[in-house]
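As a plain string of letters, each chain reads:
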Amino acid sequence: MKSKLAVIGGCRTPQAKAFGKLSRFSAVELGVAAVEAALRKSNLQPEQLDEVVFGNVAGPPDAANIARVIALQAGVPFTRVAHTVNRNCASGMEAIIAAWHAIDEGRAALVLAGGTESMSKIPLLVRDSTKEKLLRMARSKSVGARLRTLMSFRRRDFKPIAGVELGLTDPTCGLNMGQTAEVLAQDFGISRQEQDAFAVESHRRAIEASQRCFLSGEISPLSIGERESGIEELKLDIGPRENQSLEQLAKLRPIFKAEGSVTAGNSCPLTDGATALLLAKSPDANRFVDQPLGYVTAYAIAGCDPRRMGLGPVFAMSKLLEQTSMQLSDFDLIEINEAFAAQVLACARACESPAFAREHLNRSTALGTLDMSKVNINGGAIALGHPVGASGARLVLTLARALRERGLHRGLATLCVGGGQGVAMVVESNDH
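Only a predicted model underlies this, so the values are computations on that prediction, with no experimental measurement involved.

Trainee: Explain the packing of helix α10 (residues 312–324) against helix α11 (residues 341–352) to me, please; I cannot follow it from the model alone.
Mentor: Geometry of a packed helix pair, given as the angle between the helix axes and the separation of the axes. Remark: α10 packs on α11, axes separated minimally by 8 Å, with the N-to-C direction vectors making an angle of 40°. Classed by the angle they form, the pair α10 and α11 counts as oblique. Every residue of α11 that contacts α10 at Pro313, Val314 and Met317 is listed here: Gln343, Cys347, Ala350 and Cys351. Class assignment of the residues belonging to the contact of α10 with α11 gives a composition of six nonpolar, one polar and no charged.

And the structure:
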């Protein structure tokens, strides 16, 4: 059995809707900012790190092993190792798991793990036919040959393909992530009004958490803008809306299905951001800090139907509870990533369904109640955003801090994964 994993400390950048305030920052720059902030906040130096693991989904073409690039640019000695992991939306959690393996087997004592994503920087692509013509032009040895190739271009050759759209579409079932949410809304009879109400509550909780300065406790400000037009310090997430209302959300049209119920307002936005956590084996934690932020004590990963990928948390939670002999009622707080309101609400109904438990979880009774008074008490991704490579680490950071703030003991962090998977983690506030 693995030793408990101590979360020595952590920090994140503000999160902002893609193509907005953080659009000029690359995934590398966001990652470096998070690493430097986490080290600074924990009074540790880059040379104290033994290893760096970062989750990232989009894979920038100019930073193939983005974790290594981030580590070196953040001042980590080149003698230390670094690698990148990708489990789609759970990449930030996968980085924690990889760090845990390295620590538990004695390969490292202190590991920085996290995730980063600039969804603004996901490139526009060209068609294969366009690429072939461009290559032909580049190889042409005469002006005439170049002109003939140039004349062969058609209007469709200049229409770009959005890389982010491809990335959000599952190649096995052919549905994009929003369409999978529509499947769940139909399967579980979740109304548009329920989804919009859930979204409003996410914003309300995020605004309340921001106003009492909870969120600022995990965010390191970023300087944005140009010197000519003035530098602005971004201190908080750009996403939570103070006056979000049901009336406003009701005006939005469905975006994934003509007669559907999933809208931009009850879905998470495309987001830029990064999170970094400092991790060590529980018995070694006092070498680095007087009091760790928290402890990761167990995890589970499960697969499910890609068409219903949003149910991944239910399958992962079922597996985790079986491994640990726990029940949902044993958790004081729960963080579940809000990819879509319909997806979280579907998970709640699946947890309470004896039929779902029998048919899909090999359980004789329902998994339990997903108590919404314990779920995402500081708002979720609908308000805060979902930088896909970073969200898993962000959930653990926010949950550990929330447990400590409220004097609670045990929490559960979980999220669905594009492609049909789920990951769940147990986070505790003390080592008892």
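Trainee: Could you clarify how one ought to interpret the pairing of strand β14 (residues 421–428) in this entry?
Mentor: The side chains of a regular strand alternate, first on one face of the sheet and then on the other. Within β14, seven of the eight residues are buried, which leaves it mostly tucked inside the rest of the structure. Relative to β14, strand β11 (residues 294–303) runs antiparallel, the two being bridged by eight bridges. Opposite Val296, over in β14, you have Val427 as the bridge partner. The pairing of strand β13 (residues 410–417) with β14 spans eight bridges and is antiparallel.

Trainee: Even after reading the chapter, I still don't get the side chain of Glu182, so can you show me in this structure?
Mentor: Of note, Glu182 is situated in helix α7 (residues 177–187). Notably, Glu182 is buried but unbridged: the nearest opposite-charge side chain belongs to Lys257, and the N-O separation is 5.2 Å. Looking at Glu182, its side chain comes within polar contact range of the main-chain nitrogen of Ser261, at 2.9 Å. Once you skip the residues sitting within four places of it in the chain, Glu182 turns out to touch Phe256, Lys257, Gly260, Ser261 and Val262.

Trainee: Got a minute to help me understand a positive patch on the surface in this structure?
Mentor: Together, Arg127, Arg154, Arg156 and Lys159 make up a region of like positive charge exposed at the surface. Residue position: Arg154 is located in the loop between α5 (143–151) and β7 (161–162). Its relative accessible area of 43% is what places Arg154 among the partly exposed residues.

Trainee: Looking at this structure, how should I read the packing of aromatic side chains?
Mentor: Ring pairs (aromatic) are described by centroid distance and by the angle formed between their planes. If you walk through the whole model with that rule in mind, you get five aromatic pairs. On the basis of an interplanar angle of 55° and a centroid distance of 5.8 Å, the ring pair of Trp100 and Tyr299 is categorised as tilted. You can see Trp100 sitting in helix α3 (residues 91–104) and its partner Tyr299 sitting in strand β11, a full 199 residues away along the chain. Assessed through its relative accessible area of 3%, Trp100 is described here as buried. A relative accessible area of 21% means that Tyr299 is categorised as partly exposed. Geometrically, the ring pair formed by Phe188 and Phe356 is tilted, given 6.3 Å between the ring centres and 50° between the ring planes. One end of the pair, Phe188, is in the loop between α7 and α8 (192–211); the other, Phe356, is in helix α12 (residues 354–360), with 168 residues separating them in the sequence. By relative accessible area, which is 9% here, Phe356 ends up buried. Linked through ring pairs, Phe188, Phe315 and Phe356 together constitute an aromatic cluster. The ring of Phe214 has Arg401 lying over it, and the distance from NZ or CZ to the ring centre is 4.2 Å.

Trainee: Teacher, can you tell me more about the environment of Val69 here?
Mentor: On the secondary structure map, Val69 appears in helix α2 (residues 66–73). Overall, Val69 belongs to the partly exposed group, its relative accessible area being 24%. Between the C-alpha atoms of Val69 and Gly31, which are 38 residues apart in sequence, the distance is 9.4 Å.

Trainee: What is the right way to look at helix α1 (residues 27–41) in this model?
Mentor: Side chains that are three or four residues apart share a direction in an α-helix, a result of its 3.6 residues per turn. With 15 residues, α1 ought to run about 21 Å at 1.5 Å a step, and its terminal C-alpha atoms sit 21 Å apart, in line with that. Taking burial as the measure, the 15 residues of α1 include 11 buried ones, the bulk of the element. Among all positions of α1, only Ala27, Val28, Leu30, Gly31, Val32, Ala33, Ala34, Val35, Ala37, Ala38 and Leu39 are buried. Buried positions along α1 lie against β1 (5–12), β3 (51–55), α2, β5 (110–118), β8 (222–224) and β10 (271–281). Positive phi shows up at Asn43, right after α1, with a value of about 55°.

Trainee: Would you take a moment to explain the nonpolar core for this structure?
Mentor: Taken as a class, soluble globular proteins show a tendency for nonpolar side chains to be buried jointly. Among the nonpolar cores identified, the biggest contains 51 residues, and Met93, Leu277, Leu279, Val296, Val396 and Val423 are the most heavily contacted of them. Counting residues per element, this core draws most heavily on α3, which supplies nine residues. Once residues within four sequence positions are removed from consideration, Val423 is found in contact with Arg87, Ala90, Met93, Ile97, Ala300, Ile301, Ala316, Ala413, Thr414, Leu415 and Val417.

Trainee: Even after reading the chapter, I still don't get unusual backbone geometry, so can you show me in this structure?
Mentor: With glycine set apart, most residues show a phi of negative sign, and most peptide bonds adopt trans. Look at Asn88: it is not a glycine, yet its phi comes out positive at around 50°. Its relative accessible area of 24% is what places Asn88 among the partly exposed residues. In the Ramachandran plot, Asn376 falls in the positive-phi region, its phi being about 50° despite a non-glycine side chain. Along the polypeptide, Asn376 turns up in the loop between α12 and α13 (381–384).

About the thresholds
- Residues numbered from 1 in each chain as written.
- Predicted model: local features only at pLDDT ≥ 70, side-chain atom pairs only at ≥ 80, totals over all residues.
- Heavy atoms only, no water.
- Axes fitted to C-alpha atoms, helices over the stretch in contact; angles between N-to-C directions.
- Helix = DSSP H or I, 4+ residues; strand = E, 2+ residues; numbered from the N terminus.
- Parallel < 35°, antiparallel > 145°, perpendicular 65-115°, else oblique.
- Contact = heavy atoms within 4.5 Å.
- Nonpolar A, V, L, I, M, F, W, Y, C, P; charged D, E, K, R; others polar.
- Buried < 20%, exposed > 50% of the residue type's maximum accessible area, 1.4 Å probe, protein only.
- Pairing = 2+ DSSP bridges.
- Lys, Arg positive; Asp, Glu negative; His and termini not counted.
- Salt bridge = Lys/Arg side-chain N within 4 Å of Asp/Glu carboxyl O.
- Polar contact = N/O pair within 3.5 Å; in protein donor to acceptor, adjacent residues only side chain to side chain.
- Patch = residues over 30% accessible without salt bridge, like charges linked within 9 Å, V, L, I, M, F, W, Y side chains within 5 Å.
- Areas by Shrake-Rupley, 256 points an atom, 1.4 Å probe, with all protein chains shown as cover.
- Charge placed at Lys NZ, Arg CZ, Asp CG, Glu CD.
- Phe/Tyr/Trp six-rings, centres within 6.5 Å; stacked < 30°, edge-to-face > 60°.
- Lys NZ or Arg CZ within 6 Å of the ring centre and 35° of its normal.
- Expected span 1.5 Å × (residues − 1).
- Core = buried A, V, L, I, M, F, W, Y, C linked by side-chain atoms within 4.5 Å.

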